[in-house]
Amino acid sequence: MQILPSSVINYKKIKVGVISFFLKNKSIILPFIVILFFISLYFLIDFSSQSLVAHDEGLYARRARLIESSNNWFSPPFPSPHHKTLGSYWFIALSIRLFGNSELSLRLPSILSSFLCLITSYLIALEITNKKSALISLFSLSSMPLWIQYSRYASPDIPFVFCILLVILFFLKSLDSSEYVRQYFYIFLSGLFVSTSFFVRSYMAFVPLIGLAPFIFYHLFRRDYIFKILFCSGIVCGSIPTCLNLYFSFQKFGIIGITNLFNFAKKQAVGDFGFDNIIIAPLNFIYLTFPIGIFLFILFVFTKSNNKINYPLLTYFYPFLSLILLLSMSTSYPHYYLFLLPSLSILFSVYLTSYKFRLTFSKLIIRYLLLIIVVFISSTILFIFFNYKDYLIQYSNGNDLIVYILASFLLLSYITSIRYLFDINNIGFNLISFLYNIIIPQYISLSLFYNFGVLGNPNNNIKLFIKDENITSIINSNTIYLLSVDSKVETLLSYYLPNAKIVDNFNEIRMYNYVITSDRVFLDKFDHKQVLKAIKKFDKHILLRKVSK
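*Asks:* Which residues make up the environment of Phe429, and what values do they have?
*Replies:* Structurally, the position occupied by Phe429 is in the loop between helix H20 (400-417) and helix H21 (431-451). Overall, the relative accessible area of 19% leaves Phe429 in the buried class. Between the C-alpha atom of Phe429 and that of Ile418, which follows or precedes it by eleven residues, the distance is 9.7 Å. If sequence neighbours within four positions are ignored, Phe429 has contacts with Tyr355, Phe357, Lys363, Ile366, Arg367, Tyr420, Leu421 and Asp423.

Printed below as a string of structure tokens:
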């Protein structure tokens, strides 16, 4: 049969049409592809390679599952008074209700909240500075190691940061909106998330809220009386879940159900003050926010910003006061600083996009300081490559090829970034290009390290033990007794095992059909071979089954 020429597909014509369409719309298509790739690094995660981190992730997972299974969303389902409001577990518990017990459901609230935080932080930066600075702040925030880590961590920290950012964004929207209805709506929402943040993160909400107080009070007291009423009304409405939580806690445990919450806050904030906070905390902050933390410090010392800032109390005073409060606390963990990272990225973008040198030799110093940092990081990567190859293979859990590819990608980005510090190929001194050349590969590399379990997977042996087919059939249909188990392992097993009970009486070991314990206990104190049979070992622990007679 003869095919008519009109029915033949003209591939060359289609190709020309596609290329023409792309060239005409590249200003839309290219950003869309970049955004799609950016989003994919958040959500394309191999959850078979993920395991919970003890203690925190295990504790949050276990408590959230208890809330979900008991349906006690306001009344604490715990046997003793708890030191946190139940909002700390709500998002994880809701995710468990929707998606079941898995690392995906436990970490999904942080993943989604982190992505929404980036959007919210970008919108805040637009209100404070300009589009160029806002874009730099977005990429800066997403590349920070501490942010990447907790964006995939089963905890309320990132949802809490999202609440604080919403307080700021809605307050700024209420100031900038030209319509009264919108102003009233935004100021109410700002107050709503003030109290919601306390329900999500308990006492830790006081630190950013105290830092925001001068900015909020300065602008609020300049507005009409109705704005103050609506802001306070939002706070009252947002306090309803907290009030219900405290009421039911009082009903169950008495006054200690309320005071325990604030006693824990007092212990964390005003205990024995350690001067190591003043030294170690800033070093951790620079390390966990690399390279933004150290770059900002260099820019702050040797340059000054020419950018016009609309809200200096928010841009400068809020992070400074909050940082002072954190350094003054008796106990301060790295994740306490998470809410400061969006402000840090915005402040950094303000300096980077428009600056002038403080001294005549400032440019030369900045150039060689950054060169030293690049050479040091590159040398460190190469040193690890050549001296710890076996350790890398073991640590990568079988993903050593990914480790080598991504580490080489990082190394290449640091080396090629040098051309923006010196006049190589007529490029010249360009700090913005230098930054992008480092933070984008860092964001890609660290995200993929976490996505494939090279990082954030410290208890892979426990996960493999649980997923073993023979073990799965046992733990799903039997009660597993945990005896003399390491506390961190005990925390994780209490979540992973649906029927697990912690026991302390060593003499009653013959009564239990299945026991997990440290093998050293039995070697030293008990001839277990006559009573219990070893089924499987993991780390320093062993699963034993009662011998039938």
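From this point, the narrative continues.
*Asks:* Please provide a residue-by-residue account of the pairing of strand E4 (residues 500-503), values included.
*Replies:* The sheet contact formed by strand E3 (residues 480-483) and E4 spans four bridges and is parallel. Residue pairing across strands places Ile480 opposite Ala500, the latter belonging to E4. For the crossover that starts at E3, traverses helix H24 (residues 487-496) and ends in the parallel E4, the hand is right-handed.

*Asks:* Describe in detail the packing of helix H9 (residues 180-201) against helix H12 (residues 240-253), supporting the description with residues and values.
*Replies:* The interhelical angle for the contact between H9 and H12, taken along N-to-C directions, is 40°, at an axis separation of 8 Å. When the axes of H9 and H12 are compared, the pair comes out oblique. Within the contact between the two elements, H9 uses Ser195, Phe198 and Phe199 and H12 uses Pro241, Thr242 and Asn245. When the residues that make up the contact of H9 with H12 are grouped by side-chain class, the tally is three nonpolar, three polar and no charged.

*Asks:* Could you give an account of a nonpolar patch on the surface, naming the residues involved and the relevant values?
*Replies:* Together, Phe383, Ile384, Tyr388, Tyr391 and Tyr395 give the surface a local cluster of nonpolar side chains, amounting to about 520 Å² of exposed area. Elements represented by at least two residues in the nonpolar patch include exactly helix H18 (362-387) and helix H19 (389-395). Note on Tyr391: relative accessible area 48%, which makes it partly exposed.

*Asks:* Describe the packing of aromatic side chains, with residues and values.
*Replies:* The geometry of two aromatic rings is summed up by the distance between their centres and the angle between their planes. Taken as a whole, this structure holds 34 aromatic pairs when the rule is applied. When the ring of Phe38 is compared with that of Tyr42, the centres are 6.3 Å apart and the planes differ by 40°; the resulting orientation is tilted. With a gap of four residues between them, Phe38 and Tyr42 both fall in helix H2 (residues 26-43), about one helical turn apart. This pair shows no difference in class: Phe38 is buried, exactly as Tyr42 is. Between Phe185 and Tyr186, the aromatic rings sit 6.0 Å apart at their centres with planes inclined by 50°, giving tilted as the arrangement. Phe185 sits in the partly exposed class, given a relative accessible area of 48%. An aromatic cluster of at least three residues, connected via ring pairs, comprises Phe38, Tyr42, Phe43, Phe115, Phe139, Tyr436 and Tyr443. Here the guanidinium or amino end of Arg152 rests over the ring plane of Tyr42, the centre of that ring lying 5.4 Å away. Note that Arg223 overlies the ring of Phe227, its terminal NZ or CZ placed 4.2 Å from the centroid.

*Asks:* I'd like a rundown of the side chain of Lys463, residues and numbers included.
*Replies:* Turning to its location among the elements, Lys463 is positioned in helix H22 (residues 460-467). In this structure the side chain of Lys463 is engaged in a polar contact, spanning 3.2 Å, whose partner is the side chain of Glu103. When sequence neighbours within four positions are dropped, the list of residues in contact with Lys463 reads Phe47, Ser48, Gln50, Ser51, Glu103 and Tyr496.

*Asks:* Run through the pattern of salt bridges, naming residues and quoting values.
*Replies:* As enumerated under the stated definition, the model contains seven salt bridges in all. The partner of Glu103 in a salt bridge is Lys463, with the nearest N and O atoms 3.2 Å apart. In this pair, Glu103 sits in helix H5 (residues 103-128) while Lys463 sits in helix H22, placing the two residues 360 residues apart along the sequence. A residue is classified by how much of its surface remains accessible, and Lys463, at 5% relative accessible area, is buried.

*Asks:* So, the pairing of strand E6 (residues 532-538): which residues are in play, and what are the values?
*Replies:* In this structure, E6 lies alongside strand E7 (residues 541-546), joined through six bridges in antiparallel fashion. Along E7, the bridge assignment pairs Lys533 with Arg545. Between E6 and E7, which follow one another and run antiparallel, lie two residues, and Asp539 among them has a positive phi close to 50°.

*Asks:* Could you give an account of the sheet that holds E3, with specific residues and numbers?
*Replies:* One open sheet holds the five strands; their spatial order is E4-E3-E5-E7-E6, and the pairing between them is mixed. With one partner strand each, in any of the chains shown, E4 and E6 form the two edges of the open sheet. Adjacent strand axes in the sheet meet at a mean angle of 25° when their direction is disregarded.

*Asks:* Please set out unusual backbone geometry residue by residue, giving values where relevant.
*Replies:* For the peptide bond that leads from Phe290 to Pro291, omega is 0°, which places it in the cis range. In this structure, Pro291 sits in the loop between helix H14 (276-288) and helix H15 (292-302). Notably, Asn71 is not glycine yet its phi reads approximately 60°, a positive angle. Along the chain, the position of Asn71 falls in the loop between helix H3 (56-70) and helix H4 (87-99). Residue class for Asn71 comes out partly exposed when judged on its relative accessible area of 48%. Even without being glycine, Ser202 reaches a positive phi, approximately 55°. You can see Ser202 is positioned in the loop between H9 and helix H10 (206-220).

Cut-offs applied
- Residues numbered from 1 in each chain as written.
- Predicted model: local features only at pLDDT ≥ 70, side-chain atom pairs only at ≥ 80, totals over all residues.
- Heavy atoms only, no water.
- Helix = DSSP H or I, 4+ residues; strand = E, 2+ residues; numbered from the N terminus.
- Buried < 20%, exposed > 50% of the residue type's maximum accessible area, 1.4 Å probe, protein only.
- Contact = heavy atoms within 4.5 Å.
- Pairing = 2+ DSSP bridges.
- Right-handed = clockwise from strand over helix to strand, strands pointing away.
- Axes fitted to C-alpha atoms, helices over the stretch in contact; angles between N-to-C directions.
- Parallel < 35°, antiparallel > 145°, perpendicular 65-115°, else oblique.
- Nonpolar A, V, L, I, M, F, W, Y, C, P; charged D, E, K, R; others polar.
- Patch = residues over 30% accessible without salt bridge, like charges linked within 9 Å, V, L, I, M, F, W, Y side chains within 5 Å.
- Areas by Shrake-Rupley, 256 points an atom, 1.4 Å probe, with all protein chains shown as cover.
- Salt bridge = Lys/Arg side-chain N within 4 Å of Asp/Glu carboxyl O.
- Phe/Tyr/Trp six-rings, centres within 6.5 Å; stacked < 30°, edge-to-face > 60°.
- Lys NZ or Arg CZ within 6 Å of the ring centre and 35° of its normal.
- Polar contact = N/O pair within 3.5 Å; in protein donor to acceptor, adjacent residues only side chain to side chain.

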